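# Close look at the chain arrangement
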Amino acid sequence: MKNSSILGITLLLLFLGNSCARNKEASIYMYDDFKTVHPDFKLNSKAVADGKLLEAFKCEEKVADVENSIPLSWTNVPEGTKSLAIVMYHYPHKDDKSEINSYLLLWGIKPSVSEIPYKMANNPNWYMGSNKDGTAISYTSPCSRGPGKHRYTIALFALSETPKSLPESNALDVDLNTFMKAISDDIVIDRTTLTFLDSNL
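Please read these numbers as outputs of a predicted model, since none were measured by experiment.

### Looking at the environment of isoleucine 183
Secondary-structure assignment places isoleucine 183 in the loop between helix H2 (176-182) and strand E10 (188-200). A residue is classified by how much of its surface remains accessible, and isoleucine 183, at 5% relative accessible area, is buried. Note: C-alpha distance between isoleucine 183 and leucine 166 (17 residues apart in sequence) is 9.3 Å. In contact with isoleucine 183, not counting residues within four places along its chain, are Ala85, Phe157, Leu159, Pro163 and Val188.

Take a look at the structure:
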């Protein structure tokens, strides 16, 4: 009887542990649910006007599998920020959020940095992950082929530290899942986003 009770408690603890792990895993991927804490922490781009991506920044030419990156700037980084990170993502099927593509992965950006000029995302002062297809360390420019409006989001994270699980170098094996697991809730001070449309009519 005593052994049965111990076994029951052990199984319950395992279940609760697995349940908590699943809940934490799920929370990592709730990309669109984060609310900006500091309203003056803002992300902008000269490539976006009236909520739409300008034609000049679509379907950038690939040279050795590398594309020119979108220009970005931001203001009012929250106090206490030790590192910045950026991800750009898109749901290829707007009514299905189980599939998601990433177009830019950057981390280890110093909080004193306030912009990334056009073409300059791959910079020795911070680190870059893989492109959308996982074939190169590069940005991927939006090049929507299907009809209708395609929504893209760029998220800028203010972090209390550089994510420990990410390498201190550019890395082809850092994809969206690896990146977002590293940006854990306990190091996020704030997040701000820029959303834009790429339309095919």
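Text resumes after the structure shown.
### Remarks on the confidence of the model for the protein chain
Across the protein chain, pLDDT averages 84, with 83% of residues at or above 70. This model gives residues 1-29 a pLDDT under 50, and the stretch forms 8 contacts once residues within four places in sequence are excluded.

### Thoughts on the sheet that holds strand E7 (residues 115-116)
With antiparallel pairing, 3 strands are arranged side by side in an open sheet as E1-E4-E7. Either end of the sheet is taken by a strand with one partner, and the two such strands are strand E1 (42-44) and E7. Inspection of the sheet shows E1 paired to strand E4 (residues 72-75) by 3 bridges, in the antiparallel sense. Following the sheet pairing, leucine 43 is matched in E4 by tryptophan 74.

### Details of the environment of arginine 145
Following the sequence through the fold, arginine 145 ends up in the loop between strand E8 (127-128) and strand E9 (148-159). Classification of arginine 145 as exposed rests on a relative accessible area of 71%. Put simply, arginine 145 and aspartate 198 are 53 residues apart on the chain and 9.8 Å apart in space, counted from C-alpha to C-alpha.

Reading the values: the criteria
Residues numbered from 1 in each chain as written. Predicted model: local features only at pLDDT ≥ 70, side-chain atom pairs only at ≥ 80, totals over all residues. Heavy atoms only, no water. Helix = DSSP H or I, 4+ residues; strand = E, 2+ residues; numbered from the N terminus. Buried < 20%, exposed > 50% of the residue type's maximum accessible area, 1.4 Å probe, protein only. Contact = heavy atoms within 4.5 Å. pLDDT = per-residue confidence, 0-100. Pairing = 2+ DSSP bridges.

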